[in-house]
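Chain by chain, the residues run as shown.
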Amino acid sequence: MRRSQLFLPTLKETPTEAQIVSHRLMLRAGMVRQTSAGIYAWLPMGYRVLKKIEQIVREEQDRSGAQEVLMPTIQSADLWRASGRYDDYGKEMLRIKDRHERDMLFGPTNEEMITEIFKAYVKSYRELPKNLYHIQWKFRDEVRPRFGVMRGREFLMKDAYSFDLDYAASKHAYNKMFVAYLKTYDRMGLKAIPMRADTGPIGGDLSHEFIILADTGESQVFCHKDYIDFDIANQAIDFDDVAGVQKIVERWTSLYAATDEKHDTAEFEKIPAERRVSARGIEVGHIFHFGTKYSDPLGAKVAGPNGEPVTVLMGSYGIGVSRLVGGIIEASHDDNGIIWPESVAPWGVGVVNLKVGDAECDKVAGDLYEKLEKAGREPLYDDRDERPGSKFADMDLIGLPWQIAIGPRGIKSGVVELKNRKTGEKQELSPEAALKRLTA
RNA sequence: CGGGGUGUAGCGCAGUCUGGUAGCGCAUCUGCUUUGGGAGCAGAGGGUCGGAGGUUCGAAUCCUCUCACCCCGACCA
């Protein structure tokens, strides 16, 4: 993409309404525009990042055996009356009437709808297990939206729903999601720590929040320091291996980790003092086993092995996709701007032509741009006739992992400058060597 | 939903107390000079001062109502 063609309205000054760093940077980098409180339009760069995150989530869901569907944003109130939640949900639910005065709503979640769909088709235990997910916009009419996309009213969420015949199977479904989540966050360059969450009236140990550590996080969290060094990156997972998956879950739940609501000071203090981590965190996912809470009132039953009706056990598994855009920035930025992990960066490399119009610079920069494009590195070529300083500042702001600066000074001695956004490390090397470094 | 605050050019703000030609910086456009970390000079364009009523010869400014947005708290992916 050529910067001169791109719709990327970056700002030098920070709009006052933005209080936290990710919100400020998202506005300054021209990623989103607020259209109402807690509702955002996604501009090209923001949307590219959103789609990359979404795609990683999708791939890891698919890998774990879940199947993607797409359910509507608008739902009928009748469904929610059947589960009893229409009245319970309160003012957070955006209620709408259609032209026939029928009660509708903009879905805040989809348990009722997926259960209804499941129930309509699945009649036998032989068809289990099933895990269906979708990635769709939700609306919760928060009293007080804030923190930009981190807590908007409209937000993109991946929600998966598992259906199983008995508790053991249901637990395996839960464990698979647990592991898929670890993989998902890891691929985004995030260290997400599963923390025990409130299980409500169901009880048991099957609910976890996935928290990433960031200084500006919304809640206080406590955990054992060893979690920081836990690694899932290069582990091949066999999701059909019940014991193997269970083992991974056990490892990741073996140490203390809790948000302030569930914090137990006595337990925490059993950890050696130098291994205690008390930090701020952002919730980026929540998985929950809720048994028959919805299948029972909605009558989701299958025929069991002996022909008897069995109410299925369910779980639901959410990832805040749009929230992650803000979350990643909170976890990865500096004074100059965003620092994108490679996997979610809107473009892979920034090619900065420091003197547009200079024949040599144009040639070398244009050539590098084309080759990087061909190599699939998704370069962003800053071919604007701007001053070098403002191009560097802009490039740092939008946070692409790599920058190549091509200027007359370097060209004279046959070199360009390759800069790593994260480390700030710069080195001069020939255009060919730079290309090789980035495409190896 | 309680408490507090702000609405003036795309962004950041002054002007409001004490009514009298709507301003500044950045951004934008033109020209010249500049060109390796957000340039300099000269010129230009851009506003129903959030909206509706009212007071007044005259309202960004005073009064009433209203809408939007932000912050703290309670609540939440």
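Our structure's up above, just so we're on the same page.
Presented here is a report on the structure given in the accompanying data block. (Residues numbered from 1 in each chain as written. Chains lettered and ligands numbered in written order. Predicted model: local features only at pLDDT ≥ 70, side-chain atom pairs only at ≥ 80, totals over all residues. Heavy atoms only, no water.)

**Quick look at the pairing of strand β22 (residues 416-420)**
Point 1. Burial within β22 is extensive, with 4 of its 5 residues counted as buried.
Point 2. Pairing analysis gives 4 bridges linking strand β21 (residues 402-406) to β22, with the strands arranged antiparallel. Its bridge partner being in β22, A405 is matched across the sheet by E417.
Point 3. Relative to strand β23 (residues 426-429), β22 is paired through 4 bridges, and the arrangement is antiparallel. Bridging from a neighbouring strand, E417 pairs with E428 of β23.
Point 4. Between β22 and β23, which follow one another and run antiparallel, lie 5 residues, and G424 among them has a positive phi close to 80 degrees. (Buried < 20%, exposed > 50% of the residue type's maximum accessible area, 1.4 Å probe, protein only. Helix = DSSP H or I, 4+ residues; strand = E, 2+ residues; numbered from the N terminus. Pairing = 2+ DSSP bridges.)

**Considerations on the packing of aromatic side chains**
Point 1. Under the criterion given, the structure shown has 16 aromatic pairs.
Point 2. A centroid spacing of 5.7 Å and a plane angle of 55 degrees characterise the contact between F106 and F139, whose relative ring orientation is tilted. Residue F106 is found in strand β6 (residues 103-106), and its partner F139 is found in strand β7 (residues 130-139); the two are separated by 33 residues along the sequence.
Point 3. For F106, a relative accessible area of 14% corresponds to the buried category.
Point 4. The exposure class of F139 is buried, given its relative accessible area of 6%.
Point 5. When the ring of Y185 is compared with that of F210, the centres are 5.8 Å apart and the planes differ by 35 degrees; the resulting orientation is tilted. Of this pair, Y185 sits in helix α6 (residues 167-187) while F210 sits in strand β10 (residues 207-213), and the two are 25 residues apart along the sequence.
Point 6. On the basis of relative accessibility, which here comes to 0%, the residue Y185 falls in the buried class.
Point 7. On the basis of relative accessibility, which here comes to 0%, the residue F210 falls in the buried class.
Point 8. Through a chain of ring-to-ring contacts, three or more aromatic side chains come together here, namely F178, Y181, Y185 and F210. (Phe/Tyr/Trp six-rings, centres within 6.5 Å; stacked < 30°, edge-to-face > 60°.)

**Considering the layout of surface pockets**
Point 1. Within this model, the largest pocket holds a volume of roughly 1200 Å³.
Point 2. In terms of lining residues, the largest pocket is bounded by 42 residues, among which R140, M157, E209, E283 and H286 are the most central.
Point 3. Counting only elements with at least two residues in the lining of the largest pocket, the list comes to β8 (154-164), β10, β13 (276-291), β16 (313-320) and α9 (321-331).
Point 4. It is β13 that contributes the most residues to the lining of the largest pocket, 6 residues altogether.
Point 5. Residues belonging to the lining of the largest pocket are distributed by class as follows: 16 nonpolar, 12 polar and 14 charged. (1 Å grid on protein atoms, 1.4 Å probe; cavity = no way out; pocket = protein on both sides within 12 Å on 5 of 7 lines; lining within 4 Å. Points joined across faces, edges and corners; volume = space filled by probe spheres on them. Nonpolar A, V, L, I, M, F, W, Y, C, P; charged D, E, K, R; others polar.)

**Regarding the side chain of Q403**
Point 1. Summarising the element assignment, Q403 is placed in strand β21.
Point 2. A distance of 2.7 Å separates a polar atom in the side chain of Q403 from a polar atom in the side chain of D396.
Point 3. Once you skip the residues sitting within four places of it in the chain, Q403 turns out to touch G350, F392, M395, D396, E417, L418, K419 and R421. (Polar contact = N/O pair within 3.5 Å; in protein donor to acceptor, adjacent residues only side chain to side chain. Contact = heavy atoms within 4.5 Å.)

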